[in-house]
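Chain by chain, the residues run as shown.
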Amino acid sequence: MSEELVKNVQDMLKEETWTRATISNYTKNNLMELATIVEKARNENCVDEIKAICDEHLTHTKDSIIALYFSGILGLGKGSLDNSALISLVDIFQKNHKEPVVEYLCESILADEPNNKFALRTIGERYRAENNPKVWEIYEKIVNLDYEEADLAKALAVHYEEEGDADNAIAFYKKALLRYVGTKNLNSIKDMWTKLISLIPEEIDFFLLVQRKVAKTISEDKSALLMQELYTYYKDNKKWDIAIDILKLILSIDSKDNWGRREITECFKGKYEGHSNLDEYIRSSNLTQSFRNVFEAISDFEKHIAFDAKNFVFHRSWGVGLIRKVNNDVLTINFGKKAGIHEMSLKMAVNALIPLKKDHIWVLKATKSRDELAKMIKDDKVWALKTIIKSFDNNCDFKRIKAELVPSILTASEWTSWNSAAKKILESDSTFGVNPNDINMYTVREHEISLEEKLSNEFKAQKQFFARIDILMKFVNADETDKGSELFADMFGYFTGFLKTVTKVNEQVLASYLVVRDISARIPALAFPVKYTFQEIYNDIENPREMYTLLKDTKNTSLRHDFLMAIKMLPDWADQYIRLFPTVLSDDMLKTLINAGCTDKIQKLVQNSFENSRDYRESALHLFKECQGEEWFKNAGVSYEKQLIALLNIITQTFREINNHVNTTENKKINRAATLLLFKDDTLLKYMLDNGEDTIARIYTLVDDITDLDSTIKATIRNRILEKYPDFKFHATEEKSVTPKGMLVTAKKLEEKKAEVDHIQNVEIPANAKEIGEARDKGDLKENQDYKAAKEHQHYLSVKLAKLQEELNRAVIFDPTTATTAIVSFATKVTLTNKENGKDEVYTILGPWESDPDNGVISYMSPFGNALLDHKVGEDVSFVINERNYSYTVKAIAAAKL
């Protein structure tokens, strides 16, 4: 069937003739017939063959309508970015005034590719000529697709303004302005700037954003000229603080700008109108004199003008004070009860004092009670945050916020809940922002801004690459953000920039590829034509395992998962999954491989992991822990004993590297994991006991060779072995039991000692403190016997408590399940035959706390008890203590009753 269709197309091309009469007779119906053939080609899977025939035909007959149509439309279906055939076809029909055909053709193109810019522009021109209202919908699509399209954005803004839709008008005027900045069209920038000042003069953050862009892309001088126009609005409306800030910005660009200097003087006069020393401070600061640096003059003026009666100040030793009066150049300041009233010259005040606004947090802390202020801060967190941030030049981090509140106003526990709620406010409330140069510094805005602007500001302030990805994806995931905005284009462009020319694939290039691919798939209008396939990107990665660890997941991204999913599309993905597993350690990866029939590859991985455990440490641990029950694991050809020995080797290796200070944190983590797997549930011990003395001898030797292994573990294994095999002979170096670190105690005695400590702390010490107080009240402490006795008892309690606490810190609870009667050890009752008199003596071996020599209970840590340890029934034992000779034969060993 497909062969017949291909032949039909070939015949059509041969029969086609080129005359103007043919073109003039072309209608939508002709194109509809061709569209039917396109649909058949797709259904019969002969698209490539027909397109190739048409492409070849165009090499010698470039104006063939049939070839142009088939080549262009079939190319769209295959995702081709080459629109040249369709552009030529449209051009032919436009020149021959076949507007209905052009319109139908464009609609056909958009049916296959809704975001085809050429078709949108062509049909948009057609609609505009016809005054078709659908033109505005088309223009919006174009503007959202083409981030450089400024003229249509302006046209849309004018349209919406005429329609009375202020929100859309402003949005498109903003787009137009930002795009004109991108193209450096200064005249259009000025027009849009003036228009937006008339519409949204209060959105100072937006104008400052544009100013920064103009300064960067065109020139700082041009940006200053724009700010002069905005300044006029704030001056005329007597919004002095913002007007002054704008002038400071202008002067920072050109400090010798005499206009700026004159204007800032006028603004200060407006702001401080009525201040008794206004003119004097302007004069003394040389604010109007060009010979003095303008910012030094401004600083002097602002310091002097702040020192007026009823204003607050701060002194580093005396704290917050209130200026009571100013007499000539002498200030009288009340610093409260602690520091009192001080007089200070204005000159000294300028250097020694910090002016504070009435709503500064320090002023509030000095003038309100703690309870009142704590209630205000807990009840109105937004107000509290704004107050603290504004108190420090509207630039404050969370450490400073905490320092101001804890412990002076909030307790540590109150801070925990307050802190969590406050962070959510800072993240969601658009009246809060961040310093463009430091993501950790928060600011307060005079007016709310859009979520787009808030996220854009955070993006610019953020310097960490992966944190920037998180902000971008937060923008993408938010329903209310405009993905066609210039703010988003700037952020998205940051990552596409990594993909324009790739010389080396690092984690930033890979992450950018994954992010751009994700966004392009989710928002086709933003599809970015990446030059490289993932295969090409992956082939340039030197170490995929290391690359996986370098990718950082965030709250809004799963880059590592995306990386694995991209690898799954490679022809050799199974080999790559095997290669990555020792780093990824994902059971899902194993299941995917099993389901794909790659069991043999996984079993080879298992063999490598245990045979080369030095290089596959985490892989061996994961497989041992998680896969014992899997049939494919059981059939991998790695014996259980070999697995256990591999884990022992891992413990040995990690101890060695820890001692050599190599990757200490990582090695400690791996060491702990391996130790828990082998010893927590007696995994290794059970295997040894179940497989006889030869296995015990072979494996215990490996255990004993690990010198840094906890001695308690070794002792437990030894005791359990001797329980089952009383005659088992350990290696010479193992003939003595290893005393665990600390002091062995019974659980019962430990509880008694804890109760004793509790009684001393909560009963005896408070009672003693009361005795001391009552005795002190009797006076004459030198002759006061009750006082002396109480103080002596206080010392006794203190010493006793310290001793008990030190012993508790060393206490190690004896595990009764580890008790053995194979040798003399803790928790055994031993019968000794005295070789001098032939009499039997019975002793119970316990710890220092349980020791009771009069009743035959001795400590294993005492010289007598220590001398008996490790001996077996029938052995002779002789020793000397305090110049006295002892000689016994061990007659019997039994378990002690605990």
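Residues numbered from 1 in each chain as written. Predicted model: local features only at pLDDT ≥ 70, side-chain atom pairs only at ≥ 80, totals over all residues. Heavy atoms only, no water.

Undergrad: Got a minute to help me understand the sheet that holds strand β3 (residues 330-334) in this structure?
TA: One open sheet holds the five strands; their spatial order is β4-β3-β2-β1-β5, and the pairing between them is antiparallel. The strands lining the two open edges of the sheet, one partner per strand, are β4 (341-345) and β5 (354-356). Adjacent strand axes in the sheet meet at a mean angle of 40°, parallel and antiparallel pairs treated alike. Two strands pair when backbone bridges link them, and strand β2 (residues 319-327) and β3 are joined in this way by five bridges, in the antiparallel orientation. Paired with Lys-325 across the strands is Thr-332, a residue of β3. (Pairing = 2+ DSSP bridges. Helix = DSSP H or I, 4+ residues; strand = E, 2+ residues; numbered from the N terminus. Axes fitted to C-alpha atoms, helices over the stretch in contact; angles between N-to-C directions.)

Undergrad: Teacher, can you tell me more about the packing of helix α22 (residues 370-379) against helix α23 (residues 381-391) here?
TA: The angle between the axes and the distance between the axes are what describe a pair of packed helices. Direction vectors running N to C along α22 and α23 enclose 110°, while the axes themselves pass 5 Å from each other. In terms of orientation, α22 and α23 fall into the roughly perpendicular class. Packed against α22, whose contacting residues are Leu-373, Met-376, Ile-377, Lys-378 and Asp-379, the element α23 presents Lys-381, Trp-383 and Ala-384 at the interface. Class assignment of the residues belonging to the contact of α22 with α23 gives a composition of five nonpolar, no polar and three charged. (Parallel < 35°, antiparallel > 145°, perpendicular 65-115°, else oblique. Contact = heavy atoms within 4.5 Å. Nonpolar A, V, L, I, M, F, W, Y, C, P; charged D, E, K, R; others polar.)

Undergrad: It is not clear to me how the packing of helix α14 (residues 220-236) against helix α15 (residues 240-253) should be interpreted in this structure. Could you clarify?
TA: Orientation of α14 relative to α15, taken along the N-to-C sense of each, is 165°, at an axis distance of 9 Å. The angle between the axes of α14 and α15 places the two elements in the roughly antiparallel class. The element α14 and its partner α15 pack so that their crossing is left-handed. Seen from α14, the contacting residues are Glu-220, Asp-221, Ser-223, Ala-224, Met-227, Gln-228, Leu-230, Tyr-231, Tyr-234 and Lys-235; seen from α15, they are Trp-240, Ile-242, Ala-243, Ile-246, Leu-247, Leu-249, Ile-250 and Ile-253. Tallied by class, the residues present in the contact of α14 with α15 amount to 13 nonpolar, two polar and three charged. (Left-handed = near helix turned anticlockwise from the far one by under 90°.)

Undergrad: I keep staring at the environment of Ala-674 and nothing clicks. Help me out?
TA: Turning to its location among the elements, Ala-674 is positioned in helix α39 (residues 664-680). Each C-alpha atom of the pair Ala-674 and Ile-305 lies 70 Å from the other, and the pair is 369 residues apart in sequence. In contact with Ala-674, not counting residues within four places along its chain, are Leu-621, Leu-647, Ile-650 and Ile-651.

Undergrad: Which parts of the structure should I look at to understand the sheet that holds strand β11 (residues 840-846)?
TA: Strand pairing in a sheet relies on backbone hydrogen bonds, with the paired strands running either antiparallel or parallel. With mixed pairing, five strands are arranged side by side in an open sheet as β12-β11-β10-β14-β13. Both edges of this open sheet fall to β12 (857-859) and β13 (876-881), since each of them pairs with a single strand only. The sheet shows a mean angle of 45° between the axes of neighbouring strands, taken without regard to direction. For strand β10 (residues 828-834) and β11, the ladder comprises six bridges, and the chain directions are antiparallel. Each residue of the ladder has a partner; that of Thr-831, found in β11, is Val-842.

Undergrad: Can you help me understand the state of the cysteines in this one?
TA: Should the sulfur atoms of two cysteines be covalently bonded, the bond is a disulfide. Scanning all chains against the criterion turns up zero disulfides. Free cysteine: Cys-106, not disulfide-bonded; nearest cysteine sulfur from Cys-54 at 20 Å. Residue Cys-106 is classed as buried on the basis of its relative accessible area, which comes to 0%. Unpaired in terms of disulfides, Cys-598 finds its nearest cysteine sulfur in Cys-627, a separation of 16 Å. By relative accessible area, Cys-598 is classed as buried at 9%. (Disulfide = S-S within 2.5 Å. Buried < 20%, exposed > 50% of the residue type's maximum accessible area, 1.4 Å probe, protein only.)

Undergrad: Help me out: how do you make sense of a negative patch on the surface in this one?
TA: A cluster of like negative charges, contributed by Asp-587, Asp-588, Glu-626 and Glu-630, occupies part of the molecular surface. According to the relative accessible area criterion, Glu-626 is partly exposed, its value standing at 39%. (Patch = residues over 30% accessible without salt bridge, like charges linked within 9 Å, V, L, I, M, F, W, Y side chains within 5 Å. Areas by Shrake-Rupley, 256 points an atom, 1.4 Å probe, with all protein chains shown as cover. Salt bridge = Lys/Arg side-chain N within 4 Å of Asp/Glu carboxyl O. Lys, Arg positive; Asp, Glu negative; His and termini not counted. Charge placed at Lys NZ, Arg CZ, Asp CG, Glu CD.)

Undergrad: What am I meant to see in the pattern of salt bridges here?
TA: Pairing between side chains becomes possible if they bear opposite charge and their charged atoms approach one another. Tallying each qualifying case throughout the model produces 43 salt bridges. In this structure, Glu-486 and Arg-179 form a salt bridge, with 2.0 Å as the shortest nitrogen-oxygen distance. One end of the pair, Glu-486, is in helix α28 (residues 486-496); the other, Arg-179, is in helix α11 (residues 166-183), and 307 residues separate them in sequence. With respect to burial, Glu-486 and Arg-179 carry one shared label: buried. Of the charged contacts, one joins Arg-720 and Asp-682 as a salt bridge, the two residues approaching to 3.4 Å between their closest N and O atoms.

Undergrad: I would appreciate a short explanation of the packing of aromatic side chains in the present structure.
TA: Here the structure, examined in full by the defined rule, presents 44 aromatic pairs. Between Tyr-538 and Phe-563, the aromatic rings sit 6.1 Å apart at their centres with planes inclined by 45°, giving tilted as the arrangement. One end of the pair, Tyr-538, is in helix α30 (residues 534-539); the other, Phe-563, is in helix α32 (residues 559-567), with 25 residues separating them in the sequence. Taking relative accessible area as the criterion, Tyr-538 reaches 5% and is therefore assigned buried. Joined through ring pairs, the aromatic side chains of Phe-459, Phe-465, Phe-466, Tyr-494, Phe-495 and Phe-498 make up one cluster. Lying over the aromatic face of Phe-459, Arg-468 brings its terminal NZ or CZ to 4.6 Å of the ring centre. Above the plane of the ring of Trp-573 lies Lys-568, whose end atom (NZ or CZ) is 4.4 Å from the centre. (Phe/Tyr/Trp six-rings, centres within 6.5 Å; stacked < 30°, edge-to-face > 60°. Lys NZ or Arg CZ within 6 Å of the ring centre and 35° of its normal.)

Undergrad: Is there a simple way to think about unusual backbone geometry in this case?
TA: Most peptide bonds take the trans form, and the phi angle of most residues other than glycine is negative. Following Val-406, the chain continues to Pro-407 via a peptide bond in cis, the omega torsion being 0°. Here Pro-407 lies in the loop between α24 (398-405) and α25 (412-428). Positive phi, normally seen in glycine, also occurs at Asp-393, with a value near 60°. Inspection of the secondary structure assignment puts Asp-393 in the loop between α23 and α24. In this structure Asp-393 comes out as exposed when scored by relative accessible area, which is 73%. With a phi close to 65°, Glu-883 is a non-glycine residue in the positive phi region. Mapped onto the secondary structure, Glu-883 falls in the loop between β13 and β14 (884-895). The class for Glu-883 is exposed, based on a relative accessible area of 79%.

Undergrad: In this structure, what is going on with the pairing of strand β7 (residues 438-444)? I would like to understand it.
TA: Taken residue by residue, a regular strand's side chains alternate between the two faces of the sheet. Burial of β7 is extensive: five of the seven residues sit out of reach of the surface. Relative to β7, strand β6 (residues 432-435) runs antiparallel, the two being bridged by four bridges. In the sheet register, Phe-432 faces β7, and the bridge partner there is Val-444. Between β6 and β7, which follow one another and run antiparallel, lie two residues.

Undergrad: For this particular structure, what's the right way to read the confidence of the model for the chain?
TA: Of the residues in the chain, 96% have a pLDDT of 70 or more, and the chain-wide mean is 89. A low-confidence stretch, residues 732-736 (pLDDT under 50), is modelled with nine contacts involving residues beyond four sequence positions or located in other chains. (pLDDT = per-residue confidence, 0-100.)

Undergrad: Help me out: how do you make sense of helix α7 (residues 99-112) in this one?
TA: An ideal rise of 1.5 Å per residue puts 20 Å on 14 residues; α7 measures up with 20 Å between its terminal C-alpha atoms. For α7, the complete set of buried residues consists of Val-101, Val-102, Glu-103, Tyr-104, Leu-105, Cys-106, Ser-108, Ile-109 and Leu-110. (Expected span 1.5 Å × (residues − 1).)

Undergrad: Which parts of the structure should I look at to understand helix α38 (residues 640-659)?
TA: Every α-helical turn comprises 3.6 residues, leaving residues that sit three or four positions apart pointing alike. Look at α38: 29 Å from first C-alpha to last across 20 residues, which is about the 28 Å you get at 1.5 Å a residue. Immediately downstream of α38, the backbone of His-661 shows phi near 60°, a positive value.

Undergrad: How should I be thinking about the pairing of β14 in this particular structure?
TA: The pairing of β10 with β14 spans seven bridges and is classified as antiparallel. Its bridge partner being in β14, Thr-828 is matched across the sheet by Ala-895. In terms of strand pairing, β13 meets β14 through six bridges, oriented antiparallel. Following the sheet pairing, Ile-881 is matched in β14 by Arg-884. The antiparallel hairpin formed by β13 and β14 contains two residues in its connecting segment, where Asn-882 sits at a positive phi of about 55°.

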